[in-house]
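# Structure at a glance
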Amino acid sequence: MPNTPSQGRHARIRELARYGAVGVGLVVIEYALYIPIVHLWPQAVLPAHLLARVVAGVAGFVGHSRFSFGLADLRPRDGVRYALIVIVNMALAALLLMTLLPLLGPLVAKLASDGAVIAAGYIAGRRLVFARPARREAIP
């Protein structure tokens, strides 16, 4: 556990970097599903988005719990809370996607909607899912 404000700040920066690295992997997974589906069925933007988000959500729980936050002691309620956050983020991202779609097209609208929910997902996950009273510093 960090002893000084500087150590705490550096630990948070490392945590954010790990969260970002996992997030990049999740984006690759999500877009690897989304793009071919929308390319083959242009009318399937929303189903493609939802399918890709669910698959990435499952991968995200594992990646964020183990790598981003360095937890080995996952509890069933962690999975439930993470799933609720993913569902809320999916709904928000889908609403933004459908709102922006006529203005920006399918790819740019998806990028914009995803960008809008990333920070909220990090904060909610850190505070509601992966928080531990004396969380150890994960992988240095």
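Now for a quick tour of the structure. (Residues numbered from 1 in each chain as written. Predicted model: local features only at pLDDT ≥ 70, side-chain atom pairs only at ≥ 80, totals over all residues. Heavy atoms only, no water.)

### What to know about the overall build of the protein chain
For the protein chain, the count of helices and strands is four helices and zero strands. Summarising its shape, the C-alpha atoms of the protein chain cover approximately 55 × 30 × 20 Å along the three principal directions. For the protein chain, the residues scored as buried account for 38% of the 140 residues in total. Look at the contacts in the protein chain between residues 6 or more apart in sequence, and 71% of them connect residues 24 or more apart. In the form shown here, the protein chain has an accessible surface area of approximately 8000 Å², with 75% of it arising from carbon and sulfur atoms. Averaging the coordinates of the 15 positive side-chain charges in the protein chain and doing the same for the 6 negative ones gives two points 5 Å apart. (Helix = DSSP H or I, 4+ residues; strand = E, 2+ residues; numbered from the N terminus. Buried < 20%, exposed > 50% of the residue type's maximum accessible area, 1.4 Å probe, protein only. Contact = heavy atoms within 4.5 Å. Areas by Shrake-Rupley, 256 points an atom, 1.4 Å probe, with all protein chains shown as cover. Lys, Arg positive; Asp, Glu negative; His and termini not counted. Charge placed at Lys NZ, Arg CZ, Asp CG, Glu CD.)

### Notes on the nonpolar core
Within soluble globular proteins, side chains that are nonpolar generally end up buried alongside one another. Membership of the largest hydrophobic core is limited to twelve residues, which are Tyr-19, Phe-61, Phe-69, Leu-71, Tyr-82, Ile-85, Val-86, Met-90, Tyr-122, Ala-124, Val-129 and Phe-130. Contributions of two or more residues to this core are made by α3 (76-104) and α4 (106-129). When near neighbours in sequence (up to four residues on either side) are disregarded, Ala-124 contacts Ile-85 and Val-129. Core analysis: the next-biggest nonpolar cluster, separate from the first, contains ten residues, Ile-37, Ala-44, Leu-97 and Ala-109 among them. (Core = buried A, V, L, I, M, F, W, Y, C linked by side-chain atoms within 4.5 Å.)

### Some remarks on the layout of surface pockets
Size it by volume and the largest pocket reaches roughly 470 Å³. Around the largest pocket, the lining comprises 19 residues; the ones closest to its centre are Tyr-19, Leu-26, Glu-30, Arg-53 and Ile-118. Top element by residues in the lining of the largest pocket is helix α1 (residues 5-40). It accounts for six residues. The residue makeup of the lining of the largest pocket, split by class, is eleven nonpolar, five polar and three charged. (1 Å grid on protein atoms, 1.4 Å probe; cavity = no way out; pocket = protein on both sides within 12 Å on 5 of 7 lines; lining within 4 Å. Points joined across faces, edges and corners; volume = space filled by probe spheres on them. Nonpolar A, V, L, I, M, F, W, Y, C, P; charged D, E, K, R; others polar.)

### Description of helix α2 (residues 45-68)
An ideal rise of 1.5 Å per residue puts 34 Å on 24 residues; α2 reaches only 30 Å between its terminal C-alpha atoms. At Gly-60, α2 shows its strongest bend, of approximately 25 degrees. A positive backbone phi angle near 60 degrees is found at Gly-70, which sits one or two residues after α2. (Expected span 1.5 Å × (residues − 1). Bend = angle between axes of the 7 residues up to and from the residue.)

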